[in-house]
Amino acid sequence: MSRHVERDVTGETDELNDWLERSYTKAYRTAAMICGNPDDAREAVQDAFLRAWRFRASLPADDGREPWMYRVLVNACYSKMRREVPRRNRERDRVDETSPMAAPADGPEASAEHAVLADAVAFALKSLPEALRVPLVLRYWSGLSEREIALAIRRRPGTVKSRLHEARRRLASDPNLLGYAAEMLGATT
Amino acid sequence: MSDERTTDNSRFESWLGAAGAAIAVPDDGAATILELAHERIGNVDGASSSTIGSRATFDRAKRWQVVAACAAVLTLMGGTLAALTGQTSKSAVRAERVPPGAQFGYSRGRVADAGSSVVGATRNQSLSIKTSATNGFSVEQRSAHGTTGADSPKLEKNGSIDVQLVRGSLTAQYRMVRTIATANGGYLADGKTDEAGDTPSASATIRVPVERFDAAVDAIAHIGALRGNKVVNRTSSSRDVTASYADLHARLQAATSERDQVSLVLTKAQTIGDILAVRDRLNSVQTEVDQLQGQINVLDDQTSYAAVAVSLHEQPAPLPKPVGPAKLPKPATGLVKAWDDARHGFSHSVEWFVARSGKALVILGALLAMLFLARYLYPVVRRGLL
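Starting from 1, residues in each chain are numbered consecutively following that chain's sequence as written. By the order in which they are written, chains take letters starting at A while ligands take numbers starting at 1. Totals for whole chains, interfaces and linings use all residues, but because this is a predicted model, local features are given only for residues with pLDDT of at least 70 and pairs of side-chain atoms are given and counted only at 80 or more.

**Focus on the overall build of chain B**
Note on conventions: DSSP H or I runs of at least 4 residues are helices, E runs of at least 2 residues are strands, and numbering of each starts at the N terminus. In terms of helices and strands, chain B carries 11 helices and five strands. By the convention adopted here, residues are in contact when the distance between their C-beta atoms, placed from the backbone, does not exceed 7 Å. Across chain B, the fraction of contacts at a sequence separation of at least 24, relative to all contacts at a separation of at least 6, is 78%.

Structural data, given as structure tokens:
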């Protein structure tokens, strides 16, 4: 008991609170992109963070905490999508993508173009199967390495690599994103 | 190549970044989680927080769901157990339902030949099923016999049973048939035994009240299920004679009425010729009345007592072994013995599986139901414990 008091006194709980508040936005958006539903995302993030809070004594250190959290989060997302709320009307509860945070400060035209791109990517993500969508989101939104993704989804790194390849191929060939792909290629060349 | 990959990565990062940044985040999300964490789990740290803390702050609102889930699972398990035990007890009751008169032979068979007691019990199960299946019919018979009204069905029943006995048991089983007849309120109408020759045999016709017909036939058939005996043939027939009975009654009533009228006419006849003519007519009518009454009596008797023709014959004596040089049985080699064992084991396994498939289906159904409950109730419990 004295150890717990000492830990509280040392401010580890406050540090955990800060980490939770800092990570919430990114985690929520990751879950929203995986689940495609705000209710699922909110519940999944809530489950993941409550789990982190509950087992905070055994949480990994700073470097390993993010992958651990994403692993728990992905499991929670799977759980929400597959088991706990199988009959939720996900089409009705689509993710609200009209965030004021989404508007970049490059003017109204860039903002509109940004919103169209976001909508096209969100639509393309939804059309991807779950097995391809999850690694893609974890890799390019959450910034996890292939090895960390493999740990998060409990698959071999080779499997993650092939799934990422397939996901990229499908996303790049999405008709709504073809223009953006060409534009991007033109900009780089 | 590496440039292309870098381009790819930056392209997808920008795309996913655009899509992710466009998602609206709840303002109070983190605060809600922190509040929930403090409320549910508290500040108890470490491993104890996952047990003591969560138990202490268990969501009371969800408790009823957990209790309901446990109650549902327990009810299901209890129901399954009750169904299984009910099945067992029913079959036990069926096995114990031995027809009157056969109880003695049944118990004696079990004591005398423990090896065949299982077979006896098994056959007895099917036997008692037949008895219970015909009970409804017997009840109808009883009511018909009791009322004897013109609109009550009058059924005439007959049956025959042919039993092959083990050698040396003819006399005892013949006595048993007679005992069965008297035990069921009937009598031995006809009987003949022939104990000479290689195949001693006996035939008997017993008559029992129709409502005891099925019980008596079952009891005799039960003899055939004991100690190596075998029921070779068993028949029973039933005939509805209600129409004939009603017709005879109507004709008897008409004839009686005519007889009374002719008698009245006879008292008023004046001349010798008239008297003779009326007397002739009276005689013929009286004869008709007597015939009809006799037919009715016969029908009454046939519908009150059913006849069961019983044929008992012992198995023929085994043929004498041909005289010749003594031939020693060929000893089974290890391989032959192993093959026989495997064959018997396989057939026993198949029999066992078929015999228990019914119960296995019940258990499988219960397991599936429990799996279904666990599949949908576990998340509720899990969320409640979180």
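**A few points about the overall build of chain A**
Scanning chain A from N- to C-terminus turns up nine helices and zero strands. When the helices and strands of chain A are listed from N to C terminus, the series reads α-α-α-α-α-α-α-α-α. Residues with at least 20 neighbouring C-beta atoms inside 10 Å of their own are called buried, those with 12 or fewer are called exposed, and the rest are partly exposed, where every C-beta is derived from the backbone. Burial status across chain A gives 37% buried among its 189 residues.

**So, the sheet that holds strand 2 (residues 187-194) of chain B**
All names here are of chain B. Paired strands, as defined in this entry, are two strands with at least two bridges between them according to DSSP. An order of 2-3-5-1-4 is seen for the five strands of this open sheet, with the pairing classed as mixed. Unpaired on one side and paired on the other, strand 2 and strand 4 (230-240) mark the two borders of the sheet. Recorded for the sheet is a direction-independent mean angle of 10° between the axes of neighbouring strands. Pairing between strand 1 (residues 155-165) and strand 5 (residues 305-314): eight bridges, direction parallel. The partner of Ile161 across the bridge, within strand 5, is Val310. For helices, the axis comes from a line fit to the C-alpha atoms of the stretch in contact; other axes are also lines fit to C-alpha atoms, and the angle between any two N-to-C directions lies between 0 and 180 degrees. Together, strand 1, strand 3 (201-209), strand 4 and strand 5 form the strand contacts of helix 8 (residues 213-223), whose direction differs from that of strand 1 by roughly 5°.

**Some remarks on the packing of helix 7 (residues 170-183) of chain B against helix 8 of chain B**
Residue and element names in this part refer to chain B. Packing of helix 7 against helix 8 leaves a shortest axis separation of 10 Å and a crossing angle of 160°. In this view, helix 7 runs roughly antiparallel relative to helix 8, as classed from their interaxial angle. Considering how the two elements wind past one another, helix 7 and helix 8 form a crossing that is right-handed. The segment helix 7 lies against helix 8, with Gln173, Met176, Val177, Ile180 and Ala181 engaging Ala216, Ala219, Ile220 and Ile223. Of the residues that constitute the contact of helix 7 with helix 8, the class distribution is eight nonpolar, one polar and no charged. Angle categories: roughly parallel below 35 degrees, roughly antiparallel above 145, roughly perpendicular from 65 to 115, and oblique for all the rest. By the definition used in this description, the sense in which the near helix is turned from the far one sets the handedness, with an anticlockwise turn below a right angle giving left-handed and a clockwise turn giving right-handed. Polarity classes work like this: nonpolar for Ala, Val, Leu, Ile, Met, Phe, Trp, Tyr, Cys and Pro, charged for Asp, Glu, Lys and Arg, and polar for all others, with Gly in that last group.

**Quick look at the packing of helix 9 (residues 242-268) of chain B against helix 10 (residues 272-304) of chain B**
All names here are of chain B. Following both chains from N to C, one finds helix 9 and helix 10 inclined at 155°, their axes separated by 9 Å at the closest point. If you check the angle between helix 9 and helix 10, you find them roughly antiparallel. Helix 9 and helix 10 meet at a crossing whose hand is left-handed. In terms of residue class, the contact of helix 9 with helix 10 is built from 15 nonpolar, seven polar and six charged.

**Details of the pairing of strand 1 of chain B**
Pairing of strand 1 of chain B with strand 4 of chain B involves 10 bridges; the strand directions are antiparallel. The partner of Asp162(B) across the bridge, within strand 4 of chain B, is Asn233(B).

**Some words on the confidence of the model for chain B**
All names here are of chain B. Averaged over every residue, the pLDDT of chain B is 73; the share at 70 or more is 69%. Confidence scores here are pLDDT values: one per residue, from the predictor, ranging 0 to 100. At the level of individual helices and strands, chain B shows its lowest average pLDDT in helix 5 (residues 103-112), which scores 36, and its highest in helix 10, which scores 90. Throughout residues 44-58 the model reports pLDDT below 50, and contacts reaching past four residues in sequence, or to other chains, amount to 27 contacts.

**Here's the deal with helix 7 (residues 146-153) of chain A**
Quick reminder: α-helices carry 3.6 residues per turn. Residues three or four places apart thus point the same way. All names here are of chain A. For helix 7, every residue scored as buried is listed here: Glu148, Ile149 and Ala152. Seen along its axis, helix 7 keeps its buried residues to an arc of 100°; they face one direction. Immediately downstream of helix 7, the backbone of Arg154 shows phi near 55°, a positive value. Along the arc lie the directions from the helix axis toward the C-beta atoms.

**Things to note about the nonpolar core**
Ala31(A), Ala44(A), Val45(A), Ala48(A), Leu73(A), Val121(A) and Ala19(B) are the most contacted members of the largest nonpolar core, which totals 57 residues. Those residues in contact with Val121(A) that sit more than four places away from it in its chain are Leu177(A), Trp15(B), Leu16(B), Ala18(B) and Ala19(B). By convention the nonpolar core is taken to be a set of buried residues drawn from Ala, Val, Leu, Ile, Met, Phe, Trp, Tyr and Cys and joined through C-beta atoms within 7 Å. Counting residues in hydrophobic clusters, the runner-up holds 31 residues, among them Ala202(B), Val210(B), Ala225(B) and Val310(B).

**Re the environment of Met370(B)**
Residues and elements named next belong to chain B. Inspection of the secondary structure puts Met370 in helix 11 (residues 334-385). On the neighbour-count criterion, Met370 (15 C-beta atoms within 10 Å) is partly exposed. Expressed as a C-alpha distance, the spacing of Met370 and Leu74, which sit 296 residues apart in the sequence, is 9.7 Å. Setting aside anything within four residues of it in sequence, one finds Met370 in contact with Val73 and Leu76.

**Considering the environment of Arg154(A)**
Residues and elements named next belong to chain A. Within the secondary structure, Arg154 is located in the loop between helix 7 and helix 8 (157-172). Exposure remark for Arg154: the 10 C-beta atoms within 10 Å place this residue in the exposed category. Residues Arg154 and Asn75, 79 residues apart in the sequence, show an inter-C-alpha distance of 9.8 Å.

**A short note on the environment of Met81(A)**
Residues and elements named next belong to chain A. Tracing the backbone shows Met81 in helix 4 (residues 62-84). Note: C-alpha distance between Met81 and Cys35 (46 residues apart in sequence) is 6.6 Å. For Met81, the contacting residues outside a window of four places in its chain are Cys35 and Asp40.

**Things to note about the confidence of the model for chain A**
All names here are of chain A. This prediction gives chain A a mean pLDDT of 76; 72% of its residues lie at or above 70. When mean pLDDT is taken per element in chain A, helix 8 scores highest with 91 and helix 1 (residues 2-9) scores lowest with 42. Taken together, the stretch residues 96-105 has pLDDT below 50 and engages in 21 contacts with residues farther than four places along the chain or on a different chain. In the model, residues 185-189 has pLDDT below 50 throughout and makes two contacts with residues more than four positions away in sequence or in other chains.

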